[in-house]
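# Tertiary structure, described
Okay, here's what each chain looks like letter by letter:
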Amino acid sequence: MTSRNTNQPVTPGASSALDQMKYEIASELGLANYQQMDKGSLPSRVNGYVGGNMTKKLVAYAEQALSSGNTAQILQAAPTEQIGQRS
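The protein chain appears in an unreviewed UniProt entry as Small acid-soluble spore protein alpha/beta type from Desulforamulus hydrothermalis Lam5 = DSM 18033. The UniProt entry for the protein chain carries the following comment under Sequence similarities (unreviewed entry): "Belongs to the alpha/beta-type SASP family." Its UniProt record, at the heading Function (unreviewed entry), says of the protein chain: "SASP are bound to spore DNA. They are double-stranded DNA-binding proteins that cause DNA to change to an a-like conformation. They protect the DNA backbone from chemical and enzymatic cleavage and are thus involved in dormant spore's high resistance to UV light."

Encoded structure:
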């Protein structure tokens, strides 16, 4: 089965920062050597905890930026995707 993931990074260079965040969160959750682990051998719940905590921290960052008046920075971070127009 081939992967159909067509997600492209919105911000060039963000991929390495997101990976670093993922490994730091995994470490906080007690998953030593997460970078070298076979993620497919881990229960989906474990990988979900890592992704869920990443999302929670990213949303908190955006909320903080919005509350301090940085709305333009947030709105310009990603283009708005029109309904039904996925590429």
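Turning our attention to helix H1 (residues 14–28). In this model H1 runs 21 Å from its N-terminal to its C-terminal C-alpha over 15 residues, within 8% of the 21 Å that 1.5 Å per residue would give. Those residues of H1 that sit buried are Met21, Ile25 and Ala26. Summarising the axial view, the buried residues of H1 lie within an arc of 135°, below the 170-degree limit, and thus occupy one face. Along H1, exposed side chains directed more than 90 degrees from the buried face belong to Ser16 and Ser27. Those residues of H1 that are buried are in contact with helix H2 (44–67). The positive-phi residue at the C-terminal boundary of H1 is Gly30, with phi of around 90°.

This brings us to unusual backbone geometry. As a rule of thumb, non-glycine residues mostly have phi less than zero, and peptide bonds are mostly trans rather than cis. Residues other than glycine seldom take positive phi values, yet Asn33 does so here, at roughly 60°. With respect to the secondary-structure elements, Asn33 resides in the loop between H1 and H2. Judged by relative accessible area, Asn33 falls into the exposed class, the value being 57%.

This brings us to the pattern of salt bridges. Overall, the coordinates contain two salt bridges when judged by the stated rule. Close ionic contact of Glu28 with Lys57 constitutes a salt bridge, the shortest N to O distance being 3.3 Å. One end of the pair, Glu28, is in helix H1; the other, Lys57, is in helix H2, with 29 residues separating them in the sequence.

What follows is about the environment of Glu28. For Glu28, a relative accessible area of 57% gives the class exposed. Side chain to side chain, Glu28 and Lys57 meet in a polar contact 3.3 Å long.

Criteria and cut-off values
Residues numbered from 1 in each chain as written. Predicted model: local features only at pLDDT ≥ 70, side-chain atom pairs only at ≥ 80, totals over all residues. Heavy atoms only, no water. UniProt positions renumbered as here; feature names shortened; annotations may be inferred. Helix = DSSP H or I, 4+ residues; strand = E, 2+ residues; numbered from the N terminus. Expected span 1.5 Å × (residues − 1). Buried < 20%, exposed > 50% of the residue type's maximum accessible area, 1.4 Å probe, protein only. Arc of directions from axis to C-beta. Contact = heavy atoms within 4.5 Å. Salt bridge = Lys/Arg side-chain N within 4 Å of Asp/Glu carboxyl O. Polar contact = N/O pair within 3.5 Å; in protein donor to acceptor, adjacent residues only side chain to side chain.

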